[in-house]
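# Overview (structure and organization)
Spelled out, the chains give:
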Amino acid sequence: MRNASASRLAAGARRRSPIRWRSSRCGRAVAAVAALAIAVIGPLAASGATARASSAIQPLRACGDLVGDYGIPGAATHVTAATVVPAANGQPEYCDVQGYVEPAVHFQLKLPTTTFNGRYVQYGCAGLCGTIFPTTFPACGGTPGGDFAVAATDDGHVGKGGGFLAILDGSWAANDQAARDDYFYRAPHVVSLASKRIIAAYYGSPPARSYFDGCSTGGREGLLLAQRYPHDFNGIVAGAPAAFMGPLNGVYFTWMVRVNTDARGAPILASAKLPALHDAVMAACDRLDGLADGQIDDPQGCTFDPASIQCPAGVDDASCLTPAQVDVVQKVYSGPADASGHRLYPGGAPRGSELSWDGFLVPNPQFGSIAPLPDNYLKYLGYPIGAPASSVADFKFTLGEFNRLTPESLKGNALSLDLRNFQRAGGKLIIWQGWADGNISVFGTLDYYQRLWQANGGLAETQQWARLFMVPTLYHCGLGGYKLNTFDPFPELVDWVEHRHAPDRVIASDQDSHGTVLRTRPVFPYPQRAAYTGAGSIDDARNFAPAAPLVPPHDVIRWAGAYLYSIPGPVAPS
Ligand SMILES: [Ca+2]
């Protein structure tokens, strides 16, 4: 009962899950690339954090005593269970707190019993949420990690199917505006209030530092928290943010499914075609960044035309594309538009991302496709309750239908450019995304970031508190990549918040299934690029230096939703 799209969308949550295929970067990658990273960028946050491990904060009361009611204004909270879980598998002993914020925002909060150092991290969810993904403790400091209290939430509802299937279900939202609002904008905020209150009850004071780390929907939540609840978190990681609520879930995903569906409902482009397509893109564009190294560092310079591998008449094999398949690929690259060419989303899939389309817009016989997510969104969440709904099969790509999604979309969009209160509060924001993300368009993230710095005093000024890292070859939320496949800027965020060391690079790596590092590369704050120094291994990050972009960024895109950036969404009453 797996679904590739769901699991890819859940990648942000899985990054912290004990069931994921690799352990959290905060532990593993610090170990894996520590020597390299220290050589390149100096000691990580780990050094300072380790020093504090000896001053761990001890609980004031028994774990089980946390069960009860907490009268938090606007966030009445009930802890229904609190039990001690012994240390195991590199995780410290902790008090496992389970509860909910009224009406139904369920959460799990893990409180280390002997290693807490005053830090709190809350993880984002994925897709339409509806389940609490398992969490692990980041090991940025303490031994064996666990100096953070960690929490996660289902965002206020339980999705059908459980696990990864739950995040595709929207039926809970059909007639429940409160549940919609919890998903759109309330749940992560009220869980932060509840967690801080419970932490204070357990240890005697609320956390000294609070962090949020999410990807995909979790990335949307991260941006939204910085915009609407600027005092909840000191530092936020927003990966591959699903910031365009209606335009993404209602239009973009629907487009990706529909352009690849023929009149009989069958897919036009099949999985078997993707390797040849990707190989052709690489042959055309790998060298554009100056190195033929199996990675396209920045696909913006790549203008590969899929017509260049069109099959001869009468041929349809894995080495080439039929004219209909060429048309699909062109529409996937260009992104949603109406019949007149008006963009209904700021971009499409980047060149280089082709292999990650399998199980997303290209149905995989074993894993399915993304289709259930936009279908559930259009049927159950996308329109005001009582208004006519739509579906993937019926949606019309018109400006009228686009605008009909706006009233509900505004509640969940994370597109405001006014982050002044977050900035004034000293908040630090890291946005990141893989350049080969075939699920959520990188061009929307770039569009938002340029609008953000243009509205906040320019790029250099904005980089004092908000930085973007674009990671070559990485897929959605770091669930693999065609070369570099591992990236996690969370330790750098902690270092930024606690030591005012603004991250001037984050190391990405290519790791095999055993965790062996095959390549490291620095990722510099966008729009800087990594340039080979000309000496030493191209698999070693030390041999790359920051350089100006080959072409200055012009990332603002003219599209139908440009008016959305100036409309702040609602906040939860307190
Ligand atoms: Ca290259």
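Structure: see above.
Anyway, here's the lowdown on the structure attached to this text. Not measured: the values here are computed from a predicted model. (Residues numbered from 1 in each chain as written. Predicted model: local features only at pLDDT ≥ 70, side-chain atom pairs only at ≥ 80, totals over all residues.)

When its secondary structure is counted, the protein chain shows 17 helices and 14 strands. Scored against the burial criterion, the 574 residues of the protein chain give a buried share of 57%. (Helix = DSSP H or I, 4+ residues; strand = E, 2+ residues; numbered from the N terminus. Buried ≥ 20, exposed ≤ 12 C-beta atoms within 10 Å, placed from the backbone.)

Quick look at the nonpolar core now. By size, the foremost hydrophobic cluster in this structure holds 154 residues, and its most contacted members are F107, L111, A149, M256, F469 and V471. No other element matches the 13 residues that helix α6 (residues 177–203) contributes to this core. Excluding residues that lie within four positions of it along the chain, L111 makes contacts with Y94, C95, V97, F116, A149, I199 and Y202. (Core = buried A, V, L, I, M, F, W, Y, C linked by C-beta atoms within 7 Å. Contact = placed C-beta atoms within 7 Å.)

Below, the discussion takes up unusual backbone geometry. For the peptide bond that leads from E102 to P103, omega is 5 degrees, which places it in the cis range. Positionally, P103 belongs in the loop between β3 (94–101) and β4 (105–112). Each neighbour pair has its own omega, and for Y526 with P527 the value is 10 degrees, a cis peptide bond. Relative to the helices and strands, P527 is located in the loop between β12 (517–523) and β13 (529–532). Of note in the backbone geometry, N89 takes a positive phi value of approximately 55 degrees without being a glycine. Take N89: it is sitting in the loop between β2 (77–85) and β3. Looking at N89, the number of C-beta atoms within 10 Å reads 8, which means it is exposed. Positive phi, normally seen in glycine, also occurs at A240, with a value near 35 degrees. Inspection of the secondary structure assignment puts A240 in the loop between β8 (235–239) and α8 (245–258).

Turning our eyes to something else, we now look at the packing of α8 against helix α11 (residues 372–381). Contact geometry for α8 and α11: axes closest at 9 Å, N-to-C directions at 140 degrees. Viewed along their axes, α8 and α11 adopt a mutual orientation that is oblique. The handedness of the crossing between α8 and α11 is left-handed. Along the contact surface, α8 presents N249, G250, F253, T254 and V257, while α11 presents L373, P374, Y377 and L378. Here the contact of α8 with α11 is composed, by residue class, of six nonpolar, three polar and no charged. (Axes fitted to C-alpha atoms, helices over the stretch in contact; angles between N-to-C directions. Parallel < 35°, antiparallel > 145°, perpendicular 65-115°, else oblique. Left-handed = near helix turned anticlockwise from the far one by under 90°. Nonpolar A, V, L, I, M, F, W, Y, C, P; charged D, E, K, R; others polar.)

Moving on, we get to the sheet that holds β8. Backbone hydrogen bonds are what pair the strands of a sheet, in a parallel or an antiparallel way. On the basis of which strands lie adjacent, the open sheet formed by ten strands has the order β1-β2-β3-β4-β6-β5-β7-β8-β9-β10 and mixed pairing. On the outer flanks of this sheet lie β1 (68–70) and β10 (466–471), each paired with one strand and no other. With direction set aside, neighbouring strand axes in the sheet form an average angle of 20 degrees. Bridge count between β1 and β2: three bridges; the pairing is antiparallel. When the sheet's bridge partners are listed, Y70 is paired in β2 with T77. Of the strands in this sheet, β1, β2, β3, β4, β5 (119–123), β6 (148–153) and β7 (209–215) touch α6, which is tilted by about 35 degrees from β4. Set on the sheet, helix α17 (residues 490–499) makes contact with β7, β8 and β9 (428–434); between it and β8 the angle comes to about 155 degrees. (Pairing = 2+ DSSP bridges.)

Over its 27 residues, α6 runs 36 Å from end to end, which matches the ideal 39 Å to within 8%, given 1.5 Å per residue. Counting buried residues in α6 gives 21 out of 27 residues, a clear majority hidden from the surface. One or two positions beyond α6, positive phi appears at G204, with a value near 105 degrees. (Expected span 1.5 Å × (residues − 1).)

Moving on to the environment of Q108. Tracing the backbone shows Q108 in strand β4. By the C-beta count within 10 Å, which is 19 here, Q108 ends up partly exposed. As for Q108 and S195, which are separated by 87 residues in sequence, their C-alpha atoms are 9.1 Å apart. Not counting the four nearest positions on each side in its chain, Q108 is found in contact with V97, Q98, I132, T135, A151 and A152.

On to helix α9 (residues 274–285). For α9, which comprises twelve residues, the first-to-last C-alpha distance of 16 Å matches the rise-based estimate of 16 Å (1.5 Å per residue) to within 8%. The set of residues buried in α9 consists of L277, A280, V281 and M282. On the buried face of α9, the contacting elements are α10 (323–334).

To continue, consider the environment of V101. Topologically, V101 is positioned in strand β3. Residues V101 and V79, 22 residues apart in the sequence, show an inter-C-alpha distance of 8.8 Å. Contacts of V101, omitting those with residues within four sequence positions, involve A75, A76, T77, V190, V191 and A194.

Note that Q433 resides in strand β9. Separated by 38 residues in the primary sequence, Q433 and V471 place their C-alpha atoms 6.1 Å from one another. Here Q433 is in contact with G239, A240, V442, T445 and M470, once residues within four sequence places are set aside.

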